[in-house]
Amino acid sequence: MLSQKNWSRTLFCKLSCNSQAECVITELSPGAVSSMALRGESRLKVLARQLLAGDSSSGCPNCACKDGSKPAPIELKFSPEVQEALQQHRPVVALESTIISHGMPYPQNLQTALEVEEVVRQNNAVPATIAIIGGQPCIGCDSSQLEHIARRGTAVRKVSRRDMPLVLGSGLDGATTVSGTMLLAARAGIKLFVTGGIGGVHRGGHISMDVSADLTELGRTPVAVVCAGAKSVLDIPRTLEYLETQGVCVAVYGADEFPAFFSRHSGCKAPCRVDGPQQAANMIRASHELQLGSGLLLAVPIPEAYAAEGAAIQQAILEALQEAEQRGIAGADVTPFLLESIRSKTDGASLAANIQLVKNNAAVGSQIAVALAASS
């Protein structure tokens, strides 16, 4: 049985996340606890009374609450629209912010972000664009926050799982990648996330080991990602092999071939196929009920009307890849360089196709979210 001294120390450790509780517990000497117990008060009632009294003056030597030097705990900041939807178990669709900061120039990036959110609403779901503003993870951004990210553009740091400690700990702005958005969406209780395309194994990745963190995130974070497949600048066969190794269920929506972002065709057979929102929702629900702990990838081919330029875009991709190699561009700088080079070479056709595929993904993802909410 714990002595009064050890009991106080144990309770101090268990409640160490509450700085006010730390001070109160530290101040309660064994004699004081015994005296209060004689009056019929349990130790927990004593603690509750002290906390509710709001006495912040403390001689606590074990915490920094006296001088305010202890930082506030990191909490997710929900927009009112998203918070209400989650509380009411309505369908919510997470959206990334890197596509705003690094995907296209201002003001087209802001306009596209607002239009994609509207597509989600038109399909009876609630959009939750995720970003980090001043070190605060925001689950759902208002128009001023979206404009802030859009205007700053590439000056905003891209944030995946790896970058979270730096950006949150330093109070920086951050645009979440697929990896970063999945992580925060899972923490927020959002089960589905829509984006343009995922990262993957880079060409030559079997030598360079350049593999996107999106793939490992899919292997350990239970969020379904709706996208147009892997970006066509990547090694798609190796990307699918890596996802298989990570235990990620990969399904193609309404087709038998895995799409390659700008193109409906990659030459890779779909691991499995789904043909409607309810079937996709059933897979997501089954994954959660089994507590697999991994994500699920739903690849939606670009609409036929915008795939016509596929051949020209593929040629531009090959040229851009050669340029990147000649200029020694590597790592996180590769994809933004390639997308801008391809946009320039195709006179903006690739950007127009990019916008349309994201909107199409948003519509499909929202319909799946609605079916998932109805069956949960």
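From a predicted model like this one, the values you see are computed outputs, not experimental measurements.

For the overall build of the protein, give the residues involved together with the corresponding values.
Helices and strands together make up the secondary structure of the protein, namely 17 helices and eleven strands. Taking contacts inside the protein between residues at least 6 apart in sequence as the whole, the part at least 24 apart equals 72%. A total accessible area of about 17,600 Å² is found for the protein, and carbon and sulfur atoms account for 52% of it.

Before we move on, could you go through the confidence of the model for the protein and cite the residues and values that matter?
Note that predicted coordinates carrying low pLDDT should not be read in detail. Of all residues in the protein, 80% attain a pLDDT of 70 or more, and the chain-wide mean is 84. Per-residue pLDDT stays below 50 along residues 46–67; that stretch engages in 37 contacts with residues further than four places along the chain or on separate chains.

Can you tell me about unusual backbone geometry, naming the residues and giving the values?
The residue after Y106, namely P107, is reached through a cis peptide bond having omega 5 degrees. Take P107: it is sitting in the loop between α6 (98–101) and α7 (108–122). Residues other than glycine seldom take positive phi values, yet N124 does so here, at roughly 70 degrees. Turning to its location among the elements, N124 is positioned in the loop between α7 and β3 (126–133). With a phi angle near 65 degrees, F261 is a residue other than glycine that sits in the positive phi range. Along the chain, F261 turns up in the loop between β9 (249–253) and β10 (273–274). Judged by relative accessible area, which is 3%, F261 ranks as buried.

Tell me about the packing of aromatic side chains, and name the residues and values.
All chains considered together, the criterion is met by one aromatic pair. Measuring from ring centre to ring centre gives 4.7 Å for F261 and F262, while their planes differ by 70 degrees; the resulting arrangement is edge-to-face.

Now, about the nonpolar core: what can you tell me, with residues and values included?
Core analysis: the largest hydrophobic core is formed by 88 residues, its most contacted members being I198, L243, F258, L297, L298, L338 and I368. Considering each element in turn, this core owes the most residues, ten residues, to helix α17 (residues 349–375). Not counting the four nearest positions on each side in its chain, L338 is found in contact with V233, A320, L321 and A324. A131, C138, A150 and A175 belong to the second largest nonpolar core, which has eleven residues in total.

An account of the environment of A94 is requested, with residue identities and associated values reported.
Note on placement: A94 falls in strand β2 (residues 92–95). The spatial distance from the C-alpha of A94 to the C-alpha of M182 is 8.3 Å, given a sequence separation of 88 residues.

Requested: an account of the pairing of strand β11 (residues 296–299), with residues and values cited.
Of the two faces of β11, both are covered, the one formed by L296 and L298 as well as the one formed by L297 and A299. Both strand β8 (residues 224–227) and β11 contribute to a ladder of four bridges, which runs parallel. Its bridge partner being in β11, V226 is matched across the sheet by L298. As defined by bridge partners, β9 adjoins β11 across four bridges and the pair is classed as parallel. Counted as the bridge partner of A251 is L298 from β11.

What counts and how
Residues numbered from 1 in each chain as written. Predicted model: local features only at pLDDT ≥ 70, side-chain atom pairs only at ≥ 80, totals over all residues. Heavy atoms only, no water. Helix = DSSP H or I, 4+ residues; strand = E, 2+ residues; numbered from the N terminus. Contact = heavy atoms within 4.5 Å. Areas by Shrake-Rupley, 256 points an atom, 1.4 Å probe, with all protein chains shown as cover. pLDDT = per-residue confidence, 0-100. Buried < 20%, exposed > 50% of the residue type's maximum accessible area, 1.4 Å probe, protein only. Phe/Tyr/Trp six-rings, centres within 6.5 Å; stacked < 30°, edge-to-face > 60°. Core = buried A, V, L, I, M, F, W, Y, C linked by side-chain atoms within 4.5 Å. Pairing = 2+ DSSP bridges.

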